Structures are given as structure tokens and as C-alpha cells.
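Results of the structural survey
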Amino acid sequence: MKEILIAGGGIGGLAAALALAQKGRKVRVLEKAAEFGEIGYGIQMGPNVARMLDRLGVLKDLEPTSVFPEALIFADALTNEEISRISLGKAFVARYKFRYFVIHRRDLHGGLLEACRQREEIVLQSSSGLKNFTQQGDTVSVTCEDGAVHEGCALVGAEGLWSPTRQAVIGDGAPRQAGHYVYRGVVPDEQIVDRSRIDTMTIWGGPDLHMVQYRLRGGAVMNNVATIASRRFRKGEANAGAPDELEEIFARTHPGVRDNLRYVSRERNWVLHDRDPATNWTNGRVTLLGDAAHPTLQYLAQGAQMAIEDGVVLAEKVAAAGEDYNRAFLAYQRERMNRSARVVLSSRFFGEYIHLDGGARVLRNELARGRDPDNPWEVDWLYRGIEVDGKL
Ligand SMILES: Cc1cc2nc3c(=O)[nH]c(=O)nc-3n(C[C@H](O)[C@H](O)[C@H](O)COP(=O)(O)OP(=O)(O)OC[C@H]3O[C@@H](n4cnc5c(N)ncnc54)[C@H](O)[C@@H]3O)c2cc1C
């Protein structure tokens, strides 16, 4: 049996490799970087993806390094007032069967990597960036940047936002720059001064800004994320998203919120992108997965979760279609397209919702204040998860 080639060994590529191996397929993961790895910050995982990680057999192993917050809190950044909360306790678990957790990206990626290493069906190959590919008959040939050629029965492009496979399949150029800039920092827990919401995942929303905090690694460190929707970017000015604009936009926030800026590094920022949902990700025996297929803004914290769901569904469809990879990939994209498109578009909406000012902000707070903490209706469709192999 020929190998399925996966370009990209991020969270999405590894989840797909594991899911395909569980279905008895041979897989080769071609990763561009010299080592398989992830950046050193946190990531949120909803019950929809906990369900997938359980199927992949890695959820239990991730538990010791995970943190299970008591609640998701939305607070107003101008007043530091708690506006609403989603409780993550018994009612939440009764509804969704799995818990919400937060984890260090390296722990999540490391858990998937370790599980891949245990499978003899999977070959993990670093320093192997996909340059281009060709298809002939039942073979896909991938040429890597170092000139090496790998032949497989199919190719999954999981190289993230700047995927070269996407350019060959869809050819829609660069992703859309949102004009949002992210500063992050992970600091020892004992450095955190305001401990009033220490056991929660709190997001403060304010005009053109938000701040997120939650603890990682059993509570040993605090993950801090400050994001601005750059006004300079909107006006086409220079230095959009620079550290002085971060200070400028946060200047109106409550001192207790502004104080959290001390925990984020100014050394680098992340420039956020997404893409309008596409109507096709597949060409013959080649398809796309994760950010390569449907990059999203982070406002629902679902990009990696969608990538993991993709991997599980992809493997289900491959197993059902025998050697007909085109049929498998078309069935896979049919199932994944609307769900991931809804995440992309809802994430844009949530970005606007948390960044409101003026009367719109006042109205948002008024409407959100009365919410039932045990009924996360706006994300219910998401957290309920997906059916795989005919069962939830
Ligand atoms: C600020 C921020 C916060 C976020 N928070 C969350 C969150 O809380 N929850 C969540 O689910 N998601 C979150 N996300 C989104 C999440 O990070 C991404 O959706 C996710 O990492 C996508 O995984 P991926 O495997 O598709 O792509 P990537 O993580 O980008 O992995 C792609 C891999 O492919 C490799 N590669 C690149 N080019 C090539 C090539 N030519 N050949 C071979 N390999 C290549 C890369 O080195 C990398 O290893 C957040 C994103 C941001 C920016």
C-alpha cells in the first residue's frame, strides 16, 4: 500500500496522520521546519475537540498538563465589570459530555507527536518543505525544497496559512489581513497581581481591543494575550500595530485591565489573517486541511480545533472510499465546509462584538448581562461536536 503524504506537521497534520493510521493507512508527514514543534503559548480546547482527541486516544495523556477553568468570563475592559459567564462545571459536562480545557501548545502538539511516534504506519520527516507536486494516474509526487521527491497515493496540504498546496489547488493568493495585531506572554503564576479571576478563562473586550488570560501547566504559568484592531491599519498609516499603538488603544481601559499589559512581550506581534470560505479544497487526489483550507481569526478559539476535527473526518471518509481518494476527499470537504465556514464568519462577528464602543457597547453589555451561565446558546452548535462513523 502506498503512503498518504501529509505536508505540514502542525496540530492539523499530526491529528490527520494519527486518524489515518488508526484506519490502517500508511502516512508520511513532510514538515518544513528542522524539528517538529509549536510556539510557546496557550490554546483553548472546547468539548467538541476533546471528543476528537479522545477518539484519537490522546485526551487522557494530555490531562496532567491541562488546566480546566471554572468558567469563561466576558468582562468590559473599560470598567473591569464581569458582564457574563459560561460555567464549565457539571451542567456543561452533562450537556457536552466532555470538558473545556486550556493547554500549552507544546504540550498538545507534543502529545500528538508522541502518539504518532508510537504508530508504525507513520513516518515523520522534518526539513522537508513541500515545494510543488504533480499527479499522474494513482500517484502524487511531491518535490521538496531540498529536491527530494516522495511518491504517495494522495496528498493532504496541511501547511497552514501560507500553504503552497492551496495555491496549486485554489490559487487565491495571499490571505486577508484583518488589521488585528496580537501580543502574547507567558509568565510564572506568582507574578500575577490581580488573582480575583485566576481559575477562569477571562476575556476583557473594549473599543478596538481585547485581553485574554488563563493559566497553563497545572496553574504554574499564566498565558496573556492582548489584541488590538489597529486604527493605523484602517487609515493606511505606517507602524500599524506597533507597541506604541498597543499602549495608545489600551489607554482608555480600566487600570486593572491595563495593568495586565505588563505580562505581554513587546518583542514580537502576530498579524492576524483569515480567508473568505472557499467552495472547493480538492483536486484529484489532493486536498487541504486546517488553516490551509479555512484559516480563521481566533475569536472563537477554534482554528486548531477545526483542524483536528478535519483530520478525524478525513480519515473516516478515506476508510469508507477504499482506494478512491478523490471520492473520499470530496466527501470530506462536503462535510467540513459549512462547519468551518460558520467558524470563520462567526469569528469575524465575535471580533466586532467584543471590540464595540459607544452605544453599541452599552447595548451589548445590557443584553449579555442577563444570560444564563448554563446555556451557551451561541456556541451550542459548535460545542455539541460532530458525528464520526455514524456516532457522536
Ligand atoms: C493569537 C491566536 C490564538 C489562537 N487561539 C486558538 C485557540 O485557543 N484554539 C484553537 O483551536 N485555535 C487557536 N488559534 C488558531 C490555531 O493556532 C491554528 O488554527 C492552528 O495552529 C492551525 O493548525 P494547522 O496545523 O492547520 O496549521 P499550522 O499550525 O500553521 O501548522 C502548519 C505546519 O506546516 C509547516 N509548513 C509550512 N509550510 C510548509 C511546507 N511548504 N511544507 C511542509 N510543511 C510546511 C509549518 O512549519 C507547520 O508546522 C489561534 C491563533 C492565533 C493567531
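Read on for a plain summary of the structure. Note that the coordinates shown come from a computational prediction; the quantities given were computed from them, not determined experimentally.

**Thoughts on the pairing of strand β12 (residues 176–188)**
Two elements, β12 and strand β16 (residues 270–274), share 4 bridges in a ladder whose sense is antiparallel. In the strand pairing of β16, R176 is matched with D274. Here β12 pairs with strand β15 (residues 221–229) via 9 bridges, running antiparallel. When the bridges of β15 are listed, V186 appears paired with N223.

**Things to note about the packing of aromatic side chains**
In this structure the tally under the stated criterion is 13 aromatic pairs. Residues F74 and Y353 carry aromatic rings whose centres are separated by 6.4 Å and whose planes lie at 35° to one another, so their mutual orientation is tilted. Taken together, the positions of F74 in strand β4 (residues 71–76) and Y353 in helix α11 (residues 325–354) put the pair 279 residues apart, joining distant regions of the chain. Judged by its relative accessible area of 25%, Y353 falls in the partly exposed class. Look at F92 and Y96: their rings are 4.9 Å apart centre to centre, the planes differ by 65°, and that puts the pair in the edge-to-face class. Here Y96 and F92 lie together in helix α4 (residues 90–96), a separation of 4 residues that amounts to about one turn. On the accessibility criterion, Y96 (0% relative accessible area) is buried. The structure contains a cluster of three or more aromatic residues connected by ring pairs, namely F74, F349, F350 and Y353. One cation-aromatic arrangement involves R342 over W381; the distance from NZ or CZ to the ring centre is 4.0 Å. In this structure, R364 is placed above the aromatic ring of Y353, and the distance from its NZ or CZ to the ring centre is 5.9 Å.

**Thoughts on the pattern of salt bridges**
Under the definition given, this model contains 40 salt bridges. Among the ionic pairs, E247 bridges to R266, the shortest N-O distance being 2.8 Å. You can see E247 sitting in helix α8 (residues 243–250) and its partner R266 sitting in the loop between α9 (255–258) and β16, a full 19 residues away along the chain. Residue classification places E247 among the partly exposed residues on the basis of a relative accessible area of 38%. R266 sits in the partly exposed class, given a relative accessible area of 29%. Among the ionic contacts, a cluster of salt bridges with common partners joins R176, D274, D276 and R348.

**Focus on the site of the ligand**
Inspection of the region around the ligand gives 30 residues, with G12, E31, Q44, L130 and D291 positioned closest. One of the side-chain N or O atoms of D291 is found 2.8 Å from an oxygen atom in the ligand. Among the secondary structure elements, those contributing two or more residues to the shell around the ligand are α1 (11–22), β3 (42–45), β12 and α10 (303–320).

**A closer look at the packing of α1 against α10**
Put simply, α1 and α10 touch, their axes get as near as 8 Å, and they point 25° apart. The orientation of α1 with respect to α10, classified from their angle, is roughly parallel. α10 is crossed by α1, and the crossing has right-handed handedness. Counting all contacts with α1, which are made through I11, G12, A15, A16, A19 and L20, the residues of α10 involved are A304, A307, I308, G311, V312, L314, A315 and V318. Of the residues in the contact of α1 with α10, the class split is 12 nonpolar, 2 polar and no charged.

**Digging into the sheet that holds strand β17 (residues 286–288)**
Pairing in this open sheet of 5 strands is parallel, and the strands run β7-β2-β1-β11-β17 from one edge to the other. Across the chains shown, the open sheet's two edge strands, defined by having one partner strand only, are β7 (122–125) and β17. For this sheet, the mean angle separating the axes of adjacent strands, direction not counted, is 20°. Sheet analysis places strand β1 (residues 4–7) next to strand β11 (residues 154–157), joined by 4 bridges and oriented parallel. By the bridge assignment for β11, L5 is matched with L155.

What counts as what
- Residues numbered from 1 in each chain as written.
- Predicted model: local features only at pLDDT ≥ 70, side-chain atom pairs only at ≥ 80, totals over all residues.
- Heavy atoms only, no water.
- Pairing = 2+ DSSP bridges.
- Helix = DSSP H or I, 4+ residues; strand = E, 2+ residues; numbered from the N terminus.
- Phe/Tyr/Trp six-rings, centres within 6.5 Å; stacked < 30°, edge-to-face > 60°.
- Buried < 20%, exposed > 50% of the residue type's maximum accessible area, 1.4 Å probe, protein only.
- Lys NZ or Arg CZ within 6 Å of the ring centre and 35° of its normal.
- Salt bridge = Lys/Arg side-chain N within 4 Å of Asp/Glu carboxyl O.
- Near = heavy atom within 4 Å.
- Polar contact = N/O pair within 3.5 Å; in protein donor to acceptor, adjacent residues only side chain to side chain.
- Axes fitted to C-alpha atoms, helices over the stretch in contact; angles between N-to-C directions.
- Parallel < 35°, antiparallel > 145°, perpendicular 65-115°, else oblique.
- Left-handed = near helix turned anticlockwise from the far one by under 90°.
- Contact = heavy atoms within 4.5 Å.
- Nonpolar A, V, L, I, M, F, W, Y, C, P; charged D, E, K, R; others polar.

Remember that the coordinates give geometry; whether it matters functionally is a separate question.
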